[in-house]
Structures are given as structure tokens and as C-alpha cells.
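# Fold and contact review
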Amino acid sequence: MKVLVVDDSATIRRLIEMDLQKGNHTVVEAESGQVALDFVKSQTFDLITLDVEMPDMNGFETCLKIREHEVKLEAEGAGPKSTPILFVTGNDTLEGRIQGFQSGATDFVTKPFSKGTISKYLQNQIAPDSLFKGIHCLIVDDSDLVCKIVANILTPLGAKVTVAHDGQEALKIMEKSYKKIDIVITDYEMPNMNGDEFCDSLRNKMGLRHLPIIFLTGAAEQSYIIKMFESGATDLITKPFCKEELVARMNIHISELRVKERLKKLVGELESANKIKDEFLAIASHDLRSPLTAI
């Protein structure tokens, strides 16, 4: 595995390199954001670690430029490849995490970090966490960057991701594959069809009453929020958002979905058992009728 370590501190770069040595990973060092960008444009990496506070170009700016480069490559047909980006920082705040995830971060590690932290994270990229294993999520947003950010959060947790860039495109996907989609994350304001129209179509035209639909949007005005929930929204997360909030809310709705699936299966089994009981009683009644009539 090839790792790009970006930090203006040679000591931190050395510590991360030592953390990765046991796995025999190849480490490339960059002392600034610009040097990191030059490497990304000429090489591919399995993981990038980024410091936040660096001269000239901070980690958030560097991360955003890397994601923009990936989006450009994808548009040119040279991708897609989204490299996990891990912020390794001593200034780990909620505001910083929100800004980091908005710029395209995959996760955060706080300095000082314990031995084995970085190598364990890299191993998790190879063998993803199974929190959302078997879950298929439809992401609907007109921003390629937002779609990539959300996908980068969910994919390492085992989820399968499908992307649509407006409500019309998403509706076509749902009409073809609604049985395969377990949860929808959608923006509100989009071209062609807004999120509330898309949500209303799923609820009232397609009859998907129990499908979890989470609005992930910057439209925080009360009138818009009312429209979202009137159209059938299950939940609402406002941008900018942090990974922990998205994962926690998704986990709640996925857990509820799994409970409903188990209950549906149980009801089916009970109905099947009840049918077998009725058939048995009918046969028993028929078999007993002849000797009882003779008696």
C-alpha cells in the first residue's frame, strides 16, 4: 500500500512512517500542501494523511484541491478513484471536523496518536467496517463534491453507494431498482427536480412509505424545512455537517429498518404456521368425520 504523508513537521512525518513500517507500506513525504498536490497529479495513493495547520496552503485547502482534481479526472474518464484522506491534527474541534468533511476528508486522528493508529486505519480501508454492510444508499445532490464526500464516509463502513445529481435522475434509478435501495440521502435545492418533489414522488406515487429519506441540505429556512417534512422526510441534517452526525443518524434509521424487516419476516413465518395449522385441522376434521358418522 502506498501512503502520502503531508505535514510541515519532519518529526510527525517520521512518526507516521514508523507507524506504517510494520505493514511494509511505501511512504511518500510532502512538507507542504503544494508539494502534496504535485505528487497527487503524478502518482496514485491508497491513503493520504494531512496536517491542518501548514504554511501557504492549509490542510483543508489542500484536501479540497485534491478532491477537485479527482472530480476532474472522473469527468475526463480517467477515474473514478477517491483516495481516503485522513486528517492527523492536534487542533481537533467540531468546527474543524465540519470544515474538514466539507472539504472531502474521510476521517480524523488527533495528535498525539497511539502506536498502530495509522496502520490500523489503513487496514480498515482494505477490510471495511461492517456497520452498514449490505446497505445500499442512494445519494442525490447536484454537487459532485458533496456526493464524493458522503460516499467517502459511507463506503469504508461497508455501504454500497449509488449517486444521482437531481431528483429526476434519482427517480429513474428508484423506478428501476427501488427494491435494492435501503436508504436515500438527498439535497433540497437541485435542478430539474427539487428534493421535496422527489421525496413526494417516492412516498405518494411509488408508495415507498417506510423507506428512510434523509435530507442533507443547506436550506435551513423554516419554510423549506416544513416542505421537506410535508413531502415525507424521515430526518434532516443541515450543511455543513460532520461525519459523526451523519453516521449516527443513518445508524438509527438502518437499525429501525432492520427491526422492521425482522418483524416482517416473523409475521410471514407466523402466517405460514397459521396456514399449516388450518390445513392440519381441516384434514383432521375430514379424517374423523367418517368414523364418527358410522358410530
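Everything below is about the structure shown above.
Notes on the structure follow. (Residues numbered from 1 in each chain as written. Predicted model: local features only at pLDDT ≥ 70, side-chain atom pairs only at ≥ 80, totals over all residues. Heavy atoms only, no water.)

## Focus on the packing of helix α3 (residues 59-75) against helix α4 (residues 94-103)
Where α3 meets α4, the closest approach of the two axes is 8 Å, and the angle between their N-to-C directions is 20°. Considering their axes alone, α3 and α4 lie roughly parallel with respect to each other. Along the contact surface, α3 presents Phe 60, Cys 63, Leu 64 and Arg 67, while α4 presents Gly 96, Gln 99, Gly 100 and Ser 103. Of the residues in the contact of α3 with α4, the class split is 3 nonpolar, 4 polar and 1 charged. (Axes fitted to C-alpha atoms, helices over the stretch in contact; angles between N-to-C directions. Helix = DSSP H or I, 4+ residues; strand = E, 2+ residues; numbered from the N terminus. Parallel < 35°, antiparallel > 145°, perpendicular 65-115°, else oblique. Contact = heavy atoms within 4.5 Å. Nonpolar A, V, L, I, M, F, W, Y, C, P; charged D, E, K, R; others polar.)

## Observations concerning the sheet that holds strand β3 (residues 47-50)
Pairing in this open sheet of 5 strands is parallel, and the strands run β2-β1-β3-β4-β5 from one edge to the other. Bordering the open sheet on either side are β2 (26-30) and β5 (107-110), each of which pairs with just one other strand. Along the sheet, successive strands turn relative to each other by an average axial angle of 20°, direction set aside. Contacts between α3 and the sheet are confined to β3 and β4 (85-89), with β4 contributing the most and set at about 175° to the helix. Contacts from α4 reach β4 and β5 within the one sheet, and its direction differs from that of β5 by about 140°. (Pairing = 2+ DSSP bridges.)

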